[in-house]
Amino acid sequence: DTTVKQNPRYKLARVGKPVNLICSQTMNHDTMYWYQKKPNQAPKLLLFYYDKILNREADTFEKFQSSRPNNSFCSLYIGSAGLEYSAMYLCASSDINQDTQYFGPGTRLLVL
Amino acid sequence: GEQVEQLPSILRVQEGSSASINCSYEDSASNYFPWYKQEPGENPKLIIDIRSNMERKQIQELIVLLDKKAKRFSLHITDTQPGDSAMYFCAASEGTGANTGKLTFGHGTILRVHP
């Protein structure tokens, strides 16, 4: 089973409110990634967890948090949503010994 | 960091003809180049990939070419079918490892195959 699941699929949030997105995988992958995709733009890596080690991209360092309570789950947390956070958020996972990343269906976030 | 350019943005072809999508990258350290297909409402799915130790790879109707000197790689779909209509993303990465597995994506190509 190469399924990566994401919840919720759609999220409506108010400006200034927190947002928490969930991703899960049952492939025992050691690495999980979060990408942001806006219309007509390439998916952009926000951060990734290798095991329990969190790596955040420099240009989004202060905007996103994440946690990984166990190997199967990884969350993406926005403390105070702004209009610019409206996007599709894609979660992916991979094994350190392989290059292939498996993607979830995405969560479409709309901030009003 | 790595930058990946992908062209064209939109590609319309007749059923049965071939379709080509071209990507270029900047970081010579990149050595892994996957291609993802995303259909509406679905997650991106890996369809083919190529590593820097190869110049050509084919899986059924999909062919990928890699020119390391020119830092270009391309996807060719032969004998296109309506089911090939989707968004296609190319990507580049330095390959496996805790700090090097991240993908840099192109902007995507919308392929429409007309009957």
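Since the model is a prediction, treat every value here as computed from it, not as a measurement. (Residues numbered from 1 in each chain as written. Chains lettered and ligands numbered in written order. Predicted model: local features only at pLDDT ≥ 70, side-chain atom pairs only at ≥ 80, totals over all residues. Heavy atoms only, no water.)

> Explanation requested: the sheet that holds strand β7 (residues 62-67) of chain B in the structure shown.
Strands belonging to one sheet form pairs held by backbone hydrogen bonds; the direction of such a pair is parallel or antiparallel. Residue and element names in this part refer to chain B. The strand order β1-β3-β8-β7-β6 describes an open sheet built from 5 strands, whose pairing is antiparallel. Each edge of the open sheet is held by one strand with a lone partner, namely β1 (4-7) and β6 (56-59). Pairwise comparison of adjacent strand axes, ignoring direction, gives a mean angle of 15 degrees for this sheet. Here strand β3 (residues 19-25) pairs with strand β8 (residues 72-77) via 6 bridges, running antiparallel. The residue bridging C23 from the neighbouring strand is F73, located in β8. (Pairing = 2+ DSSP bridges. Helix = DSSP H or I, 4+ residues; strand = E, 2+ residues; numbered from the N terminus. Axes fitted to C-alpha atoms, helices over the stretch in contact; angles between N-to-C directions.)

> Is there a simple way to think about the nonpolar core in this case?
One broad trend across soluble globular proteins is that nonpolar side chains are buried collectively. One finds Y25(B), F33(B), W35(B), F73(B), L75(B), Y88(B) and L111(B) to be the most contacted residues of the largest nonpolar core, which totals 23 residues. Those elements that place two or more of their residues in this core are β2 (10-14), β3, β4 (32-38), β5 (45-51), β7, β8, β9 (86-92) and β11 (109-114) of chain B. If we ignore the near neighbours within four places in the chain, the residues touching L75(B) are A19(B), S20(B), I21(B), W35(B), I47(B), I48(B), L62(B), I63(B), V64(B) and Y88(B). Core analysis: the next-biggest nonpolar cluster, separate from the first, contains 22 residues, V19(A), M32(A), F64(A) and I78(A) among them. (Core = buried A, V, L, I, M, F, W, Y, C linked by side-chain atoms within 4.5 Å. Buried < 20%, exposed > 50% of the residue type's maximum accessible area, 1.4 Å probe, protein only. Contact = heavy atoms within 4.5 Å.)

> Help me understand the state of the cysteines in this model?
Within this structure, the stated rule accounts for 2 disulfides over all chains. Through a disulfide, C23(A) is tied to C91(A); the S-S separation comes to 1.9 Å. Its torsion about the S-S bond being -75 degrees, the disulfide of C23(A) and C91(A) is classed as left-handed. Here C23(A) is found in strand β3 (residues 19-25), whereas its partner C91(A) is found in strand β9 (residues 87-94), with 68 residues between them in sequence. This pair shows no difference in class: C23(A) is buried, exactly as C91(A) is. Residue C23(B) pairs covalently with C90(B) via a disulfide, S to S 2.0 Å. A torsion of -100 degrees about the S-S bond marks the disulfide between C23(B) and C90(B) as left-handed. Remark: C90(B) occurs in strand β9 and C23(B) occurs in strand β3; sequence separation between them is 67 residues. (Disulfide = S-S within 2.5 Å.)

> Help me understand the sheet that holds strand β1 (residues 4-7) of chain A, please; the structure alone is not making it clear to me.
Residue and element names in this part refer to chain A. The antiparallel open sheet is built from 4 strands, whose spatial order is β1-β3-β8-β7. Each edge of the sheet is formed by a strand with only one pairing partner; in this case those strands are β1 and β7 (65-70). Put simply, the sheet's adjacent strands are angled 20 degrees from each other on average, direction ignored.

> Could you clarify how one ought to interpret the side chain of R68(A) in this entry?
Residue and element names in this part refer to chain A. Structurally, R68 can be placed in strand β7. Of the buried charged residues, R68 lacks a salt bridge, with D51 as the closest side chain of opposite charge at 5.5 Å. Within the structure, R68 has its side chain in polar contact with the backbone oxygen of H29 (distance 2.9 Å). (Lys, Arg positive; Asp, Glu negative; His and termini not counted. Salt bridge = Lys/Arg side-chain N within 4 Å of Asp/Glu carboxyl O. Polar contact = N/O pair within 3.5 Å; in protein donor to acceptor, adjacent residues only side chain to side chain.)

> So what exactly am I meant to see when it comes to the interface of chain B and chain A here?
Many structure descriptions define interface size as the accessible area lost when the parts assemble. Chain B puts 21 residues into the contact, and the matching count from chain A is 23 residues. Taking both partners together, chain B and chain A bury about 1800 Å²; carbon and sulfur atoms supply 58% of that area. For the pair chain B and chain A, the number of links is 1 salt bridge. Across the salt bridge formed by E57(A) and K102(B), the nearest N and O atoms sit 3.0 Å from each other. Connecting chain B to chain A are 4 residue pairs in polar contact (both at pLDDT 80 or more). Of all elements in the fold, only β4 and β5 of chain B reach the threshold of two or more residues within the side of chain B that touches chain A. (Buried area = accessible area lost by both parts, 1.4 Å probe.)

None of this, on its own, says anything about what the molecule does.
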